[in-house]
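# Observations on chain architecture
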Amino acid sequence: MTGNAYDSGRLNLPFVGHCTFGKQPVCLDWDNIDADAAILGAPFDMGTQYRAGARFGPRAIREASTLFSFGHGGAYDHEDDVTYLPVEKVRLVDVGDADIIHTDTVKSHDNIEWGVRKILDAGALPVVLGGDHSVHIPCIRAFSDREPVHIVHVDAHLDFVDERHGVRYGHGNPLRRASEMDHVTGFTQLGIRNVSSSNRDDYAAARAAGSDILSVRQFRKLGPEGVLARVPAGKRYYLTIDIDGFDPSIAPGTGTPSHGGFLYYEILEFLQGLVTRGEVAGIDLVEVAPDYDRDGTTAFLAAQLLMNLLGFIFHAQGKSA
């Protein structure tokens, strides 16, 4: 039975001890990962075109995530009457960060890909904390020898730029690079809106690659259930979540904020439904830049979203109480 860890031993409050994701155990031996999900930091932001700082995102998300680790043995949700992430059924580990080589995008991306492959080889779900959105490129590349995936993308921006002045691996390129990979079967792109980094040709290229593109207003007209009905069922989903997909009123700590974004429950309810339509095979959450986060709101949003999402994923697998 799931119980309170603080009934005996140390109280271990959020501000005490080592700052891992959710205060979960550390696993730095990447050849011996034994977990259902492994959290990997990708502190790379050399792909940014405007405000840098997402390299500090993994640390900020980990710090915020300690709030959701009070030792209850799981997370009870009275609305669902479910205890998510019970410690006796779900094993989470924090494997630290990929090694980043400053000024070297290729080597840094290769190191991120290697880390994700190690997690996949261990049979665990990779959960990657960015970093700017260019880190999605090595993350999705790591799935090249796995079963195909459908990418579900939450963002303010399309990120389908092919090349600008020789730049092909920046944070405006990741979904275009993914479209060139044989193991990517299509895209659902949600939240794309307003003045954007993409032109008409980029939208045409995305649709030609099999993308269904919805703005926030289009999402709201359909509602979470209507949007879910448009996502191909029975697929393996790779989730890539840019925090600027959310409105800057709740997610100010990002390099390229865009007003008119999602609110928390819109995406949470969509994700809760998505895990029942197919298998979530991988996750990255990117573009948290704590220097612009006035009170930690953005990092708390990222951590809370991920903790709830992990709960939904494993509940769908029967790992709840």
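Residues numbered from 1 in each chain as written. Predicted model: local features only at pLDDT ≥ 70, side-chain atom pairs only at ≥ 80, totals over all residues. Heavy atoms only, no water.

Let us now look at the sheet that holds strand E5 (residues 125–130). If you walk across this open sheet you meet the 8 strands as E4-E1-E5-E10-E9-E6-E7-E8, and the pairing is parallel. Each edge of the open sheet carries a strand with a single partner, namely strand E4 (92–97) and strand E8 (211–214). In this sheet, neighbouring strand axes are inclined to one another by 15° on average, regardless of whether the strands run parallel or antiparallel. Bridge count between strand E1 (residues 37–42) and E4: 4 bridges; the pairing is parallel. Paired with Gly-41 across the strands is Asp-97, a residue of E4. This element, helix H1 (residues 57–65), spans E1, E4, E5 and strand E10 (279–286) of the sheet and lies at about 110° to E5. Set on the sheet, helix H2 (residues 105–121) makes contact with E1, E4, E5 and E10; between it and E1 the angle comes to about 175°. (Pairing = 2+ DSSP bridges. Helix = DSSP H or I, 4+ residues; strand = E, 2+ residues; numbered from the N terminus. Axes fitted to C-alpha atoms, helices over the stretch in contact; angles between N-to-C directions. Contact = heavy atoms within 4.5 Å.)

Quick look at the packing of helix H7 (residues 264–274) against helix H8 (residues 297–316) now. Relative to each other, H7 and H8 sit at 20°, their axes nearing to 10 Å. When the interaxial angle is binned, H7 and H8 end up roughly parallel. With respect to the hand of their crossing, H7 and H8 are arranged in right-handed fashion. Counting all contacts with H7, which are made through Tyr-264, Ile-267, Leu-268, Leu-271 and Gln-272, the residues of H8 involved are Leu-301, Gln-304, Leu-305, Asn-308, Leu-309 and Phe-312. Partitioning the contact of H7 with H8 into residue classes produces 8 nonpolar, 3 polar and no charged. (Parallel < 35°, antiparallel > 145°, perpendicular 65-115°, else oblique. Left-handed = near helix turned anticlockwise from the far one by under 90°. Nonpolar A, V, L, I, M, F, W, Y, C, P; charged D, E, K, R; others polar.)

Structurally, the position occupied by Gly-253 is in the loop between strand E9 (236–242) and H7. The sequence separation of Gly-253 and Ile-313 amounts to 60 residues, and the corresponding C-alpha distance is 27 Å. Contacts of Gly-253, omitting those with residues within four sequence positions, involve Ile-243, Glu-287, Val-288, Ala-289, Tyr-292, Asp-293 and Thr-298.

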